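# Report on the structure
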Amino acid sequence: MAVYVVSDIHGCRQRFDRMLKELQFNENDTLYILGDVIDRGKDGISILQEIMKYKNIHMTIGNHEYMMLKYYRSFESNSCSLYDKLAIEDCWNQNRNQYTRYYFEKLSYKKQQRILKFLEELPVAYTNIKVQNQIYYLVHGCYTQELNKNVIEQKDCNGQVRIESFIWDRIREDMIFFQDRCIIVGHTPTLFFQNNKPYEVWFCGTNIMESNIINIDCGCGIDNEFSRLAVIRLEDRKVFYF
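Conventions used here
Residues numbered from 1 in each chain as written. Predicted model: local features only at pLDDT ≥ 70, side-chain atom pairs only at ≥ 80, totals over all residues. Heavy atoms only, no water. Helix = DSSP H or I, 4+ residues; strand = E, 2+ residues; numbered from the N terminus. Buried < 20%, exposed > 50% of the residue type's maximum accessible area, 1.4 Å probe, protein only. Contact = heavy atoms within 4.5 Å. Areas by Shrake-Rupley, 256 points an atom, 1.4 Å probe, with all protein chains shown as cover. Lys, Arg positive; Asp, Glu negative; His and termini not counted. Charge placed at Lys NZ, Arg CZ, Asp CG, Glu CD. Pairing = 2+ DSSP bridges. Axes fitted to C-alpha atoms, helices over the stretch in contact; angles between N-to-C directions. Core = buried A, V, L, I, M, F, W, Y, C linked by side-chain atoms within 4.5 Å. Expected span 1.5 Å × (residues − 1). Arc of directions from axis to C-beta. Right-handed = clockwise from strand over helix to strand, strands pointing away. Salt bridge = Lys/Arg side-chain N within 4 Å of Asp/Glu carboxyl O. Phe/Tyr/Trp six-rings, centres within 6.5 Å; stacked < 30°, edge-to-face > 60°.

### Concerning the overall build of the protein chain
Helix and strand counts for the protein chain stand at seven helices and 11 strands. Considered along the principal axes of its C-alpha atoms, the protein chain spans approximately 50 × 40 × 35 Å. Relative to its full complement of 242 residues, the protein chain shows a buried share of 56%. Summarising the internal contacts of the protein chain: among those between residues at least 6 apart in sequence, 72% fall at separations of at least 24. Element-wise, carbon and sulfur atoms account for 46% of the exposed surface of the protein chain, whose accessible area totals about 12,100 Å². Positive and negative charge centroids in the protein chain, built from 30 and 32 side chains respectively, lie 4 Å apart.

### A closer look at the sheet that holds strand E3 (residues 57-59)
The sheet built from five strands is open, its strands ordered E3-E2-E1-E10-E11 with mixed pairing. Lying at the two open borders of the sheet, with one neighbouring strand each, are E3 and strand E11 (238-241). Each neighbouring strand pair of the sheet contributes to a mean axis angle of 25°, computed without reference to strand direction. Of the pairings in the sheet, the one linking strand E1 (residues 3-6) to strand E10 (residues 230-233) comprises three bridges and is antiparallel in character. The residue of E10 that forms the bridge with Val5 is Ile232.

### Examining the nonpolar core
Counting 62 residues, the largest nonpolar core has Met19, Ile33 and Met68 as its most contacted members. Among residues more than four places away in sequence, those in contact with Ile33 are Val6, Ile9, Phe16, Ile51, Ile57, His58, Met59 and Thr60. Membership of the second largest hydrophobic core comes to 20 residues, among which are Val131, Cys182, Ile184 and Ile232.

### What to know about helix H4 (residues 82-93)
With 12 residues, H4 extends 16 Å between its outermost C-alpha atoms, agreeing within 8% with the 16 Å of an ideal straight helix rising 1.5 Å per residue. Along H4, the residues that are buried comprise Lys85, Ile88, Glu89 and Trp92. Mapping the buried residues of H4 onto a view down its axis gives an arc of 95°, with all of them on the same face. In this fold, the buried residues of H4 make contact with helix H3 (63-74) and helix H5 (98-105).

### Description of the sheet that holds strand E5 (residues 134-139)
Pairing in this open sheet of six strands is mixed, and the strands run E6-E4-E5-E7-E9-E8 from one edge to the other. The open sheet is flanked by strand E6 (151-152) and strand E8 (202-203), the only strands paired with a single partner. In this sheet, strand E9 (residues 213-215) lies alongside E8 in antiparallel orientation, the contact comprising two bridges. Along E9, the bridge assignment pairs Phe203 with Ile214.

### Observations concerning the pairing of strand E2 (residues 30-33)
Residue alternation in E2 divides its side chains into two sets, Thr30 and Tyr32 and Leu31 and Ile33, and both sets are buried. Relative to E2, E1 is paired through four bridges, and the arrangement is parallel. Bridge assignment links Tyr4 to a residue of E2, and that residue is Leu31. The β-α-β motif built from E1, the intervening helix H1 (residues 13-22) and the parallel element E2 has right-handed crossover chirality. In this structure, E2 lies alongside E3, joined through three bridges in parallel fashion. Bridge pairing in E3 places Tyr32 opposite His58. In terms of handedness, the path from E2 via helix H2 (residues 44-51) over to E3 forms a crossover that is right-handed.

### Let's talk about the pattern of salt bridges
Here the idea is simple: oppositely charged side chains can pair when their charged atoms come close. All chains considered together, the criterion is met by 14 salt bridges. Close ionic contact of Glu76 with Arg73 constitutes a salt bridge, the shortest N to O distance being 2.9 Å. A relative accessible area of 43% places Glu76 in the partly exposed class. Between Lys117 and Glu121 there is a salt bridge; the shortest N-O distance is 2.4 Å. Each of Arg13, Asp17, Glu50 and Lys53 takes part in a single network of salt bridges with overlapping partners.

### Considerations on the packing of aromatic side chains
Within the structure shown, the criterion is met by 15 aromatic pairs. Between the aromatic rings of Tyr137 and Phe178, the centroid separation amounts to 5.4 Å while the plane-to-plane angle is 25°, which identifies the pairing as stacked. Of this pair, Tyr137 sits in strand E5 while Phe178 sits in the loop between helix H7 (163-167) and strand E7 (182-185), and the two are 41 residues apart along the sequence. Members of the aromatic cluster, each reached through a chain of ring pairs, are Tyr71, Tyr72, Phe75, Trp92 and Phe104.

Okay, structure coming up:
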């Protein structure tokens, strides 16, 4: 039994499949995916459909899933103006969504709606995952101090805490982190924090075992000679690259 965390797969099906195979992922294990399964690479929709089959794979929404959801739901809405619809579409188009749109729109209406419902029900963060004697806060982009108990759903984000804070904001080294839990994020490629090539998992401090912030986005969506899909096993914080 092992608990793994991965983020920012960005349509790279070969790396996703190799990860599951080499980790020998099975029904006794648990995998958390911190959003951005889709866009950039060509297989985001097929990966989403695969994830939906697993009871032991849990996912948070990323900014790319959020853009997709907003786009398709906006065109079903009578209250969304044409100007707003075009702005939503332009935002998503700028984030390399061509493959996602192409393969999604080839699906039947029933399958499309099943995927959109899945995205609507994705939580924003898992803030209280206990493994061994450690507590983990799992989120795509950035944590908030205001909401930090159990699972944060999309519907919980209103008023002073907006969903954009979790999926679009980025961590900084000078931020004040929790003392009682370790935050694991993706969203911001670790190349912005360090010069290691190939790209490596980044953490604050000198020891990953003692760090209270870990970034696992090693640029899989960039898909160059240095990019990798990184997975961390929470029991011992061992990192695997694919």
